[in-house]
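# Residue-level structure breakdown
Chain by chain, the residues:
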Amino acid sequence: SAVISQKPSRDICQRGTSLTIQCQVDSQVTMMFWYRQQPGQSLTLIATANQGSEATYESGFVIDKFPISRPNLTFSTLTVSNMSPEDSSIYLCSVVGTGELFFGEGSRLTVL
Amino acid sequence: GQNIDQPTEMTATEGAIVQINCTYQTSGFNGLFWYQQHAGEAPTFLSYNVLDGLEEKGRFSSFLSRSKGYSYLLLKELQMKDSASYLCAFSGGYNKLIFGAGTRLAVHP
């Protein structure tokens with residue numbers, strides 16, 4: 001199993017500002033994934049963060065809005081840029097284990 | 001394209017059995033996952049099926065038919081703490097999971 005720590009666990013942000021979410025894993029992993037869960041919705045994959053290369057974004061998500069860093073095999077950051085109320089969501093970091101996907105506890109962002 | 005569908009809500013009685021169905025469409029398939037998510041918490045892994053058939057794990061079982069694009073999660077001896085959302089997801093490749101909208105299960109006394 002993998003232990004994933006995310007910071008911040010929650011935050012209240014002002015419209016137009018940016019916030020960076022950190023994800024730390026207790027073991028080295030090749031791929032890390034960032035998901036978004038909007039209120040009352042299921043999880044949507046934002047991007048795959050690969051160490052040593054640019055992140056791969058899913059349809060509907062762009063690097064300018066959600067820049068991702070992956071400086072090493074245990075750490076990644078997701079920035080939510082120029083936030084609007086529509087960005088109010090839970091953002092989850094995840095990694096692949098043996099036969100399952102492990103999730104961090106999530107970062108709950110509220111944009112006013 | 002890729003698509004996954006599951007009922008929005010279900011209710012059941014404590015001690016009973018409930019079956020949550022999931023249907024999916026995808027060109028590439030690397031397994032079917034079920035996750036449980038309590039309100040305000042991150043999803044937790046329940047099961048993974050990559051071959052056809054039934055996988056049993058305690059009170060929870062999961063079934064997969066790849067030819068039909070169909071899975072179900074069976075919960076036995078329901079307890080109040082089983083009230084949660086249950087997320088069906090398939091892996092279409094590269095370890096990415098595509099999630100369904102989730103089924104909110106309410107267990108009543």
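Just above sits the structure.
Just so it is clear, the model here is predicted, and its values are computed rather than measured.

## Notes on the state of the cysteines
Residues and elements named next belong to chain A.
- In total, this model carries 2 disulfides over all chains according to the counting rule given.
- With a sulfur-sulfur separation of 1.9 Å, Cys23 is cross-linked through a disulfide to Cys93. Linking Cys23 and Cys93, the disulfide has an S-S dihedral of approximately -65° and is accordingly described as left-handed. Placement of the pair is Cys23 in strand S3 (residues 19-25) and Cys93 in strand S9 (residues 89-96), with a sequence separation of 70 residues.
- Assessed through its relative accessible area of 0%, Cys93 is described here as buried.

## Overview of the nonpolar core
- If you look at the biggest cluster of nonpolar residues, it comprises 26 residues, and the most contacted ones within it are A:Val25, A:Met32, A:Trp34, A:Ile46, A:Leu78, A:Tyr91 and A:Val95.
- Sorting the residues of this core by element identifies S3, strand S4 (31-37), strand S5 (43-50), strand S8 (75-80), S9 and strand S11 (107-111) of chain A as the ones contributing at least two each.
- Looking at this core, the element that brings in the most residues is S3(A), giving 4 residues.
- Not counting residues up to four positions away in its chain, the partners in contact with A:Met32 are A:Cys23, A:Val25, A:Ala47, A:Thr48, A:Ala49, A:Arg70, A:Thr74, A:Phe75, A:Ser76, A:Cys93, A:Ser94 and A:Val95.
- One finds B:Val18, B:Phe60, B:Leu64 and B:Tyr86 within the second-largest nonpolar core, a separate group that totals 20 residues.

## Observations concerning the sheet that holds strand S1 (residues 4-7) of chain A
Residue and element names in this part refer to chain A.
- As summarised here, the arrangement of the 4 strands in space is S1-S3-S8-S7, forming an open sheet in which the pairing is antiparallel. Edge strands, defined here as strands with exactly one partner in the open sheet, are S1 and strand S7 (68-72). The sheet shows a mean angle of 15° between the axes of neighbouring strands, direction not considered.
- In this structure, S7 lies alongside S8, joined through 3 bridges in antiparallel fashion. Across the sheet, the residue bridging to Asn72 is Phe75, located in S8.

## Things to note about the environment of A:Glu105
- Relative to the helices and strands, A:Glu105 resides in the loop between strand S10 (101-103) and S11.
- On a C-alpha basis, the gap between A:Glu105 and A:Lys7 in space is 9.2 Å, while along the polypeptide they are 98 residues apart.

## A few points about the interface of chain B and chain A
- With 17 residues of chain B at the interface, the matching set in chain A holds 18 residues.
- When the two sides are added together, the surface that chain B and chain A hide from each other amounts to roughly 1400 Å², 58% of it contributed by carbon and sulfur.
- When the area that chain B buries against chain A is broken down by residue, the three leading residues are B:Asn95, B:Lys96 and B:Phe99, summing to 33%.
- Summed over the shared surface of chain B and chain A, the result is 0 salt bridges.
- Counting across the interface, chain B meets chain A through 4 residue pairs in polar contact (both at pLDDT 80 or more).
- Here the side of chain B that touches chain A is composed, by residue class, of 11 nonpolar, 5 polar and 1 charged.

Analysis parameters
- Residues numbered from 1 in each chain as written.
- Chains lettered and ligands numbered in written order.
- Predicted model: local features only at pLDDT ≥ 70, side-chain atom pairs only at ≥ 80, totals over all residues.
- Heavy atoms only, no water.
- Disulfide = S-S within 2.5 Å.
- Helix = DSSP H or I, 4+ residues; strand = E, 2+ residues; numbered from the N terminus.
- Buried < 20%, exposed > 50% of the residue type's maximum accessible area, 1.4 Å probe, protein only.
- Core = buried A, V, L, I, M, F, W, Y, C linked by side-chain atoms within 4.5 Å.
- Contact = heavy atoms within 4.5 Å.
- Pairing = 2+ DSSP bridges.
- Axes fitted to C-alpha atoms, helices over the stretch in contact; angles between N-to-C directions.
- Buried area = accessible area lost by both parts, 1.4 Å probe.
- Salt bridge = Lys/Arg side-chain N within 4 Å of Asp/Glu carboxyl O.
- Polar contact = N/O pair within 3.5 Å; in protein donor to acceptor, adjacent residues only side chain to side chain.
- Nonpolar A, V, L, I, M, F, W, Y, C, P; charged D, E, K, R; others polar.

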